Amino acid sequence: MCGIVGYVGKRNAEDVIIEGLSKLEYRGYDSAGIAINQNKDTIAYAKKKGRLSILENFLKEMPLLGQVGIGHTRWATHGEPSDCNSHPHLNENGTIAVVHNGIIENYMEIKEMLIAEGYTFKSETDTEVIVHLLDKYYKGDLIEAVYTTIKQLRGAYALGVVAVNHPDELVAVRKESPLIVGLGDEEFFIASDVPAILKYTRKVYFLENGEVVHIKDHTIKVYDENKNKVDKEVKTIDWDIEAASKSGYDYFMLKEIYDQPQAIKDTLLRRLDKNRIIRLDDIRMTKEQLEDVGKVYIVACGTAYNAGLVGKYAIEKLAQIPVEVDIASEFRYSDPFIDEKTLLIVVSQSGETADTLAAMKLAKSKGARVLAITNVVGSSVAREATDVFYTWAGPEIAVASTKAYTAQLVAFYMIALDFALKRTTISSDKYNELIDKIESLSELVAQILDGKEAIRSIVKDIKDTKSAFYLGRGLDYMTAQEAALKLKEISYIYTEAFAAGELKHGTIALIEKGTPVFCVVTQDNLAEKMISNIKEVKARGAFVIAIAKSSNLEISKVADDTIYIPEADDLLMPILSTVPTQLVAYYASLERGNDVDKPRNLAKSVTVE
Ligand code: F6R
């Protein structure tokens, strides 16, 4: 997803912007560019297809000196990745430059209008209409031109704008696409995400939709869409830049897999009071309001959706409320039944996923209460929701989600327990027992991580396979779905998850001699059934790798290889059974020579539909 960085201050803007863009690489991109206001007749710029290092090398030969500028990493939506389609985009005489994150839905009609008026377009992007509109409306006042321009735009956009006639100014806008402002000592930053500016400041403004930022004469002003001045609250970021770096691991993904014991602890323990009662401070639902809930939906995308599948199971089992789970991109167009008695739980690591945001807006417009589980403080999802549960997993940089997923599972267990207490569907003994068991998960995950070399050697045997399968029943099927997503997205091995009982209804036809089949077997009441399924696939030539509780000695007699994991309550096993599957995906990607943290065609944060 595109990343924006902008700077106004006393430093060399090029250095600040390139450094900031490098911290946004995790978002995924295919080209990068920069524009610097050098107090000359035109804005100086450079833009290059490919990795940021290509732009950096170019700038070493041709530095762009100046103290005001904007930069961008682009993830192509309109027009292929190319130098020309990269941002910034400039007006014809090179006096105004724009960077944009998001999509302008009505750009075709605007483009036709501008062409009819004599404007010529260089790129295939939707963004270029913005800079020509700015040119059209600019009459000496940059901020006025920006306001007039954005009135014409439909869609999602975060913008950074500089212009030659305004050598110490920067204007930025946020509408449906993330943008923050960093506040330094007589210097200001704009960025799509916090890591881009953490080296320089911890003080930030989180912008709301429709807000326009005007940096000028060493001061900053923020206005709403009606040009009223807004008094923004300064927030202090309390996580360390170290937390956003690899801390000695080869890849962010491995670091984040190893962050899990801490992330589980942080998400749980900070919410237990001295009597070990869960305190969900940002969830203000009373017992009465909960009693009044007629329908619960869990809506999310990708891994967050897979967490929702476990969440449904936990809420139904503990709080005895029926729950439906849906994919956000389906939910938003399915005319779902929603009224004032609906509770919508959305799950989003980034808090910026376009489909998830649209689903929650739809539900809110029909009167539903929205509870968000997110990892990013101040994210759009968090700000739109009525109630928020922050997973305290720390920043997740690798595209493949790992620690955010396990923290989301902890969040669901805690929400389910909180609901169960309020609805008196759980005894205090069972409640205390489960809290103890959730607490012990952190240590059990650490034990699984100690066995990583055994998992690596299993992966070496199967790394060249064309396809692989995950099987499970009940909660193990939920793990299988998340495991299959992880393996396919970073190893590019075609992987599917099947409910083991469905095999004989068609999918068993896919099993050939040597096909790796991972079987997740952690649910006591379903273990025998799984053993039968293992025998079925083995009889067709599958190479079976079981992931099973350490007490299940039968499994190793039927499987070709077994990854044993520690025991916990069956309800909590998805947290433990997922960890080896993350390592399987990590090592498969590594062994196949892929870019583990940045798999092809994927972006960390999907802020367009
Ligand atoms: C897969 C993965 C994605 C995300 C999905 C939703 O490893 O990370 O499937 O889970 O794009 O993202 P968030 O949680 O940010 O809404």
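Residues numbered from 1 in each chain as written. Predicted model: local features only at pLDDT ≥ 70, side-chain atom pairs only at ≥ 80, totals over all residues. Heavy atoms only, no water.

## Concerning the sheet that holds strand β2 (residues 31-36)
Stage number 1. Across the sheet, eight strands lie side by side as β3-β2-β4-β1-β10-β9-β11-β15; this open sheet has antiparallel pairing. In this open sheet, the two strands that pair with only one neighbour each are β3 (44-49) and β15 (235-236).
Stage number 2. By the bridge criterion, four bridges tie strand β1 (residues 3-8) to strand β10 (residues 188-191) in an arrangement that is antiparallel. Bridge assignment links Val8 to a residue of β10, and that residue is Phe188.
Stage number 3. Strand contacts of helix α2 (residues 52-61): β2 and β3, with the helix running at about 140° to β3, the strand carrying the most contacts. (Pairing = 2+ DSSP bridges. Helix = DSSP H or I, 4+ residues; strand = E, 2+ residues; numbered from the N terminus. Contact = heavy atoms within 4.5 Å. Axes fitted to C-alpha atoms, helices over the stretch in contact; angles between N-to-C directions.)

## Here's the deal with the pairing of strand β24 (residues 543-549)
Stage number 1. Burial runs high along β24: six of the seven residues are buried.
Stage number 2. The pairing of strand β23 (residues 516-521) with β24 spans six bridges and is parallel. Bridging across to β24, Cys519 finds its partner in Ala546.
Stage number 3. On the question of chirality, the crossover connecting β23 to the parallel β24 by way of helix α17 (residues 527-539) is right-handed.
Stage number 4. Alignment of β24 against strand β25 (residues 561-565), held across five bridges, turns out to be parallel. Directly across from Ile545, in β25, lies its bridge partner Asp561. (Buried < 20%, exposed > 50% of the residue type's maximum accessible area, 1.4 Å probe, protein only. Right-handed = clockwise from strand over helix to strand, strands pointing away.)

## Brief notes about the layout of surface pockets
One water molecule sets the probe size; rolling that probe over the atoms shows where empty space is left.
Stage number 1. There is about 980 Å³ of room inside the largest pocket.
Stage number 2. Around the largest pocket, the lining is made up of 43 residues, and of these Trp239, Asn375, Val376, Val377 and Pro395 lie nearest the centre.
Stage number 3. Per element, the largest residue contribution to the lining of the largest pocket is three residues, and it comes from helix α7 (residues 260-269).
Stage number 4. For the lining of the largest pocket, a count of residues per class yields 18 nonpolar, eleven polar and 14 charged.
Stage number 5. Split by domain, the residues of the lining of the largest pocket number at least three in each of domain 1 (3-238) and domain 2 (244-449).
Stage number 6. In this model, the second largest pocket occupies a volume close to 550 Å³.
Stage number 7. At the level of elements, α9 (302-319), β18 (342-348) and α16 (475-491) are the ones that each hand at least two residues to the lining of the second largest pocket. (1 Å grid on protein atoms, 1.4 Å probe; cavity = no way out; pocket = protein on both sides within 12 Å on 5 of 7 lines; lining within 4 Å. Points joined across faces, edges and corners; volume = space filled by probe spheres on them. Nonpolar A, V, L, I, M, F, W, Y, C, P; charged D, E, K, R; others polar. Domains from an automatic or database assignment.)

## Observations concerning the domain arrangement of the chain
Stage number 1. Here the domain parsing of the chain yields domain 1 (3-238), domain 2 (244-449) and domain 3 (452-591).
Stage number 2. For domain 1 versus domain 2, the separation of C-alpha centres amounts to 34 Å.
Stage number 3. Facing the eight residues of domain 1 at the interface are eight residues of domain 2.
Stage number 4. It is Tyr26, Glu176 and Phe206 in domain 1 that bury the most area against domain 2; as a group they hold 50% of the surface buried on that side. (Buried area = accessible area lost by both parts, 1.4 Å probe.)

## What to know about the packing of aromatic side chains
Stage number 1. Going through the model one piece at a time under the given rule, you end up with eight aromatic pairs.
Stage number 2. For the pair Tyr251 and Tyr586, a centre-to-centre distance of 6.2 Å together with 70° between the ring planes defines the contact as edge-to-face. Of this pair, Tyr251 sits in the loop between β15 and α6 (252-258) while Tyr586 sits in helix α19 (residues 573-591), and the two are 335 residues apart along the sequence.
Stage number 3. Residue Tyr586 is classed as buried on the basis of its relative accessible area of 1%.
Stage number 4. When the ring of Tyr297 is compared with that of Phe331, the centres are 5.0 Å apart and the planes differ by 70°; the resulting orientation is edge-to-face. Separated by 34 residues along the polypeptide, Tyr297 in strand β16 (residues 295-300) and Phe331 in helix α10 (residues 328-331) bring together distant segments of the chain. For the pair Tyr297 and Phe331, one class covers both residues: buried.
Stage number 5. Each residue in the set Tyr7, Phe189 and Tyr200 is aromatic and connected to the rest through ring pairs, giving one cluster.
Stage number 6. Looking at Lys48, its charged tip hangs above the ring of Phe58, at a distance of 4.4 Å from the centre. (Phe/Tyr/Trp six-rings, centres within 6.5 Å; stacked < 30°, edge-to-face > 60°. Lys NZ or Arg CZ within 6 Å of the ring centre and 35° of its normal.)

## As for α7
Stage number 1. By the criterion of burial, α7 is predominantly enclosed, with seven of the ten residues buried.
Stage number 2. Those residues of α7 that sit buried are Gln260, Pro261, Ala263, Ile264, Asp266, Thr267 and Leu268.
Stage number 3. Residues of α7 that are buried sit in contact with α6, β20 (387-390), α13 (403-422), α14 (428-450) and α19.

## So, the packing of α9 against α16
Stage number 1. Running from N to C, α9 and α16 point in directions that differ by 175°, and their axes come no closer than 10 Å. When the axes of α9 and α16 are compared, the pair comes out roughly antiparallel. Contact residues: Gly302, Thr303, Asn306, Leu309, Val310 and Tyr313 in α9; Leu475, Met478, Gln481, Glu482, Leu485 and Lys486 in α16.
Stage number 2. Each residue belonging to the contact of α9 with α16 can be placed in one class, and the counts come to six nonpolar, four polar and two charged. (Parallel < 35°, antiparallel > 145°, perpendicular 65-115°, else oblique.)

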